[in-house]
Every structure is written in C-alpha cells, then in structure tokens.
Amino acid sequence: MIVDCAIYREGHRSEGPRDFSDALDEARAAGGFVWIGLHEPSADEFDLVAQEFGLHPLAVEDALKAHQRPKLEVYDDSLFVVLKPVVYEPRSDTVSSGEVMIFLGDSFAVTVRHGEGTPLKAVRQRLEREPDLLGEGPTSVLYAVADAVVDHYLEVATELQNDLEELETEVFLPDSGGSRHTASRIYDFKRQILEFRRATGPLALPMTRLAGVGTYGAPVPFVRDGARPFFRDVHDHLTRVNESVEGLDRLVSDILSAHLAQISVRQNDDMRKISAWAAMAAIPTMLAGIYGMNFEHMPELRWEWSYPVVIVVMAVLEVLLYRQFKRRGWM
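Residues numbered from 1 in each chain as written. Predicted model: local features only at pLDDT ≥ 70, side-chain atom pairs only at ≥ 80, totals over all residues. Heavy atoms only, no water.

**Quick look at a negative patch on the surface**
A cluster of acidic residues, E89, D93, E165 and E166, forms a negative patch at the surface. Looking at the secondary structure, you find E89 in strand β6 (residues 86-89). (Patch = residues over 30% accessible without salt bridge, like charges linked within 9 Å, V, L, I, M, F, W, Y side chains within 5 Å. Areas by Shrake-Rupley, 256 points an atom, 1.4 Å probe, with all protein chains shown as cover. Salt bridge = Lys/Arg side-chain N within 4 Å of Asp/Glu carboxyl O. Lys, Arg positive; Asp, Glu negative; His and termini not counted. Charge placed at Lys NZ, Arg CZ, Asp CG, Glu CD. Helix = DSSP H or I, 4+ residues; strand = E, 2+ residues; numbered from the N terminus.)

**Points about the sheet that holds strand β1 (residues 2-9)**
Reading across the sheet, the seven strands line up as β2-β1-β3-β9-β8-β5-β4 and stay open at both edges, with mixed pairing between neighbours. What marks the edges here is a single partner per strand, and that holds for β2 (12-15) and β4 (71-74). Pairs of neighbouring strands in the sheet enclose a mean axial angle of 20°, with direction left out of account. Judged from the six bridges that link them, strand β8 (residues 99-104) and strand β9 (residues 108-114) form a sheet pairing that is antiparallel. (Pairing = 2+ DSSP bridges. Axes fitted to C-alpha atoms, helices over the stretch in contact; angles between N-to-C directions.)

**A few points about the packing of helix α4 (residues 121-128) against helix α6 (residues 138-172)**
Two elements in contact, α4 and α6, have axes whose closest approach is 10 Å; the angle formed by their N-to-C orientations is 125°. Our classification of the angle between α4 and α6 gives oblique. You can see that α4 and α6 cross each other, and the crossing is right-handed. On the side of α4, the interface is formed by V123, R126 and L127, while α6 contributes S140, V141, Y143, A144, V145, D147 and A148. (Parallel < 35°, antiparallel > 145°, perpendicular 65-115°, else oblique. Left-handed = near helix turned anticlockwise from the far one by under 90°. Contact = heavy atoms within 4.5 Å.)

**With respect to the packing of helix α2 (residues 43-53) against helix α3 (residues 57-65)**
Each pair of packed helices can be summarised by the angle the axes make with each other and by the distance between the axes. For the pair α2 and α3, interaxial distance at closest approach is 11 Å and the crossing angle is 150°. The angle between the axes of α2 and α3 places the two elements in the roughly antiparallel class. In the packing of α2 onto α3, the handedness of the crossing is right-handed. Seen from α2, the contacting residues are A43, F46 and A50; seen from α3, they are V60, A63 and L64.

**Remarks on the side chain of D249**
Among the secondary structure elements, D249 is positioned in helix α9 (residues 228-290). At 2.9 Å, the side chain of D249 and the side chain of K190 are in polar contact. (Polar contact = N/O pair within 3.5 Å; in protein donor to acceptor, adjacent residues only side chain to side chain.)

**A look at unusual backbone geometry**
You will see that E10, though not glycine, has its phi angle at about 55°, which is positive. Secondary-structure assignment places E10 in the loop between β1 and β2. A positive phi angle, close to 70°, is found at F222, a residue other than glycine. As for its placement among the helices and strands, F222 is situated in the loop between α8 (204-211) and α9.

**What to know about the packing of aromatic side chains**
Within the structure shown, the criterion is met by eight aromatic pairs. Between Y8 and F33, the ring centres sit 5.4 Å apart and the planes meet at 25°, which makes this aromatic pair stacked. Of the two residues, Y8 sits in strand β1 while F33 sits in strand β3 (residues 33-39), which places them 25 residues apart along the sequence. Overall, F33 belongs to the buried group, its relative accessible area being 3%. Relative to F103, the ring of F80 has its centre 4.7 Å away and its plane inclined at 35°; by these criteria the two rings are tilted. Of this pair, F80 sits in strand β5 (residues 79-83) while F103 sits in strand β8, and the two are 23 residues apart along the sequence. (Phe/Tyr/Trp six-rings, centres within 6.5 Å; stacked < 30°, edge-to-face > 60°. Buried < 20%, exposed > 50% of the residue type's maximum accessible area, 1.4 Å probe, protein only.)

**Points about the pattern of salt bridges**
Pairs may arise between side chains of opposite charge once their charged atoms sit close together. Tallied over the entire structure, the rule returns 15 salt bridges. For the salt bridge of R13 with E128, the shortest nitrogen-to-oxygen distance reads 2.8 Å. Of the two residues, R13 is situated in strand β2 and E128 in helix α4; the sequence distance between them amounts to 115 residues. For the salt bridge of E99 with K84, the shortest nitrogen-to-oxygen distance reads 3.7 Å. With E99 in strand β8 and K84 in the loop between β5 and β6, the pair connects residues that are 15 residues apart, well separated along the chain. Taken together, the shared-partner salt bridges connect D4, R13, R124 and E128 into one network.

**Remarks on the confidence of the model for the protein chain**
Residues with a pLDDT of 70 or more make up 88% of the protein chain, whose mean pLDDT is 83. Per-residue pLDDT, averaged within each element of the protein chain, yields its smallest value for helix α10 (residues 306-327) (76) and its largest for β5 (95). (pLDDT = per-residue confidence, 0-100.)

**A word on the nonpolar core**
If you look at the biggest cluster of nonpolar residues, it comprises 56 residues, and the most contacted ones within it are L142, V145, Y153 and F196. The element contributing the most residues to this core is α6, with 16 residues. Residues within four places of V145 in sequence aside, it is in contact with L83, V100, I102, L120 and V123. Core analysis: the second largest hydrophobic core is formed by 25 residues, I7, L55, A66 and F108 among them. (Core = buried A, V, L, I, M, F, W, Y, C linked by side-chain atoms within 4.5 Å.)

Below, the structure is given as structure tokens:
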C-alpha cells in the first residue's frame, strides 16, 4: 500500500500528483525530488512504481520478496539499499527484524517497508522539520532512514545488555545457578543476539562505502559527496553497535560455560557425598556380614563382650571416616 507521496523543492514539501510519472516530471522540472513511501506493496502496486521510475528487475524482485540481507547495489538508473530495522519486545525478551528497501535516483526516492519495525512516518516528519538537510535531495532520505535504524540499534543493544546482566546475576546466585531452565534461557538469549547480528553485521560494508572510509573511498552514484560526513556519523554508531554485539555474544558464551561448570562442580559434590555415605555404610555392613555367617568356629563368637565390642568398633570407625570426609569437604 502507498503510504505517502510528496514532491520536495528546496527542502519544502508539496503534495505530488496521483500519477507517478507526472510527479517525477514535475520534480525534475522544479529541481526537486519525489519521495514515495510504500508498506508491503502488492506486486501490481509495485510494478506500476517500478515501470514509472525505471527500477531494476532484480531490485524489484528483492523488494517484493523481502527476507534480504542488508546490502547496497548500484544499477544504471538507481541505487538500491536494504536495511533491517529491529524491534525489541521487553515482555518476551525477544528481538525481531523487519526490512526497509530504499531506491534512490537522480530525482526520486522510493522506500518500501516490510514488517512493523521503524515506521518511516517519524523519519519523514523529522526531515520536513530540517529543510537544509532535506534540500540535499534524495540522499537526505537515505541518510535519515539509515540514521533512524542505526540509532534504534543502540537502544536495542542497551536493552540486551540489561537483560544479560539480569541473566548473569541469576546464574551466579547460589540458589538459582543450577536451575533446569537457566541453560535454555541462556540459549534463547544467544538466539536473540544472533537475530540482532544478522541485522547489524552485514550493514557494515554498505555504510563503509557510503561514508567513503578506508579503501572504499570511491563515490557512490546518486549519493552526494557532501553527505559523506553524515554517513560517517552513522558508520561510527554502527561500529559501536557491532562492537557491543560482539561483546554480548562473547559474554553470553562465557556465562553458558560458567553455568555448565557450576553444574559439573555441583554434580561432583553430590557424587563425593554419595561416595562418602556409601563408604561409611560399608563398614557396619562388612562387620555384620562377617558375624552373620553362623559358622561354628569363629573368633570371639562365644565371648560375652563380643557384641558391644563390635558395636563400639563400628562406631569408632564411622566417626573416624566422618571426620576424614568432613576435613576434605566431602560432607
């Protein structure tokens, strides 16, 4: 569905005509650009847009099917960028991702959104309050959308960090570190980090190209050179996010290893206690077994003090074993 369509001249909005081709011609004649926003368009709706703006068939196919990795593709008449905004659900502690596709041309910007993450209405309103930035043309749309998506990454990373601290506290509490549900919670948390990484990791290269950092210094078509400082700012924020994701992933792996080590130590303690009690039970069992064989010729069998002596011997040996195991921490 078409969410919004407007022409921007010198950083100010004017409503565009219903016909896309007329809007594009009007924008070019006025030295401005047209921005069309779509949300999960049907094939028929998007075919009309693709024909009017001359979008590449491969990019059109990606925009309709969604489920793409973040990327940047340069075609003859347009630039195609895929971003994956993420949504954090605090009730279930889950991370889900949507998709935003951006087509940039000489005088147009087309944004296609899939999912509920990062609605672009707020981005458009923010740009319309900054006519100087909006006056940079379609490049400003790409920057504003990318900036909004990456800034939300920072918020999600902070939420995940808070959740990880709670999980870490739970694991290292003496009474709850061995809960049968702790390992599954850690594994689920690792899956959320993986979902987050799928959105942030592949975006590093497109942002590097747009920012012109390092070996990627060549200009990107349809992106103004003057916008590079803005994209460098987005690139810096994305680098922080990726570093945070790497740290979270390493830390949750360490927490899982610590949890498994705790379980192993606890099991060893239990086995030592069981072994100690079994050793203590073996002494009276052995003596009782010997004197319960009912042989006629046995030492001290008819002695008057045989029974109390055997009981005392068993008690003394039990006390000695108990003290020995207690000293070693087995009991």
